[in-house]
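Given next are the chains, with one letter for each unit.
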Amino acid sequence: MKKNSVVAVDPEIMSGTPCFAGTRVPARTLVDYLEAGDPLDDFLEDFPTVSRQQAIAFLEEAGEMVLVNA
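Residues numbered from 1 in each chain as written. Predicted model: local features only at pLDDT ≥ 70, side-chain atom pairs only at ≥ 80, totals over all residues. Heavy atoms only, no water.

## Notes on the overall build of the chain
On a plain count of helices and strands, the chain comes out with three helices and two strands. Along the chain, from the amino end to the carboxyl end, the secondary structure elements read β-β-α-α-α. Taken over C-alpha atoms, the radius of gyration comes to 12 Å for the chain, in line with the 11 Å a tight globule of 70 residues would show. Counting only C-alpha atoms and orienting by the principal axes, one finds that the chain spans roughly 30 × 30 × 20 Å. Within the chain, residue pairs in contact and separated by at least 24 positions form 33% of the contacts whose partners lie at least 6 positions apart. About 4,700 Å² of surface is accessible on the chain, with carbon and sulfur atoms providing 56% of the total. Side chains of the chain carry 5 positive and 12 negative charges; the gap between the two charge centres is 8 Å. (Helix = DSSP H or I, 4+ residues; strand = E, 2+ residues; numbered from the N terminus. Rg over C-alpha atoms; globule rule 2.2 N^0.38 Å. Contact = heavy atoms within 4.5 Å. Areas by Shrake-Rupley, 256 points an atom, 1.4 Å probe, with all protein chains shown as cover. Lys, Arg positive; Asp, Glu negative; His and termini not counted. Charge placed at Lys NZ, Arg CZ, Asp CG, Glu CD.)

The following block contains the structure:
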């Protein structure tokens, strides 16, 4: 992820699990929701500390990484 990524890794937060910056919500949780076929709105409702802008920025960054590494 980029230096100013919406995902942060801090050994003091969730044992270093990549989380949305400023939250304790693992980024993987969003991926799990989407893989299960749940809409983004369900994730945002269940995890109100993650903003829509953060979730979309994460998905855009992940998409860029896939394209760069393809």
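## Considerations on the packing of aromatic side chains
Going through the model one piece at a time under the given rule, you end up with five aromatic pairs. A ring pair is formed by Tyr33 and Phe43, whose centres lie 5.5 Å apart and whose planes are at 80 degrees; its orientation type is edge-to-face. Residue Tyr33 is found in helix H1 (residues 27-35), and its partner Phe43 is found in helix H2 (residues 40-46); the two are separated by 10 residues along the sequence. Note on Phe43 and Phe47: the rings are 5.1 Å apart at their centroids and 35 degrees apart in plane angle, and the pair reads as tilted. (Phe/Tyr/Trp six-rings, centres within 6.5 Å; stacked < 30°, edge-to-face > 60°.)

## Here's the deal with helix H3 (residues 52-68)
End to end, H3 covers 24 Å across 17 residues, agreeing with the expected 24 Å (1.5 Å per residue, within 8%). All of the buried residues along H3 are Gln54, Ala55, Ala57, Phe58 and Glu61. Each buried residue of H3 sits inside an arc of 165 degrees when the element is viewed along its axis, so together they form one side. For H3, exposure combined with an orientation more than 90 degrees from the buried face picks out Gln53, Glu60, Val66 and Leu67. Summarising the contacts, the buried residues of H3 are in contact with strand E1 (7-8), strand E2 (19-20), H1 and H2. (Expected span 1.5 Å × (residues − 1). Buried < 20%, exposed > 50% of the residue type's maximum accessible area, 1.4 Å probe, protein only. Arc of directions from axis to C-beta.)

## A look at the side chain of Gln54
Of note, Gln54 is situated in helix H3. Separated by 2.9 Å, the side chain of Gln54 and the backbone nitrogen of Ser51 make a polar contact. Beyond its immediate sequence surroundings of up to four residues, Gln54 is in contact with Val6, Phe20, Ala21 and Thr49. (Polar contact = N/O pair within 3.5 Å; in protein donor to acceptor, adjacent residues only side chain to side chain.)

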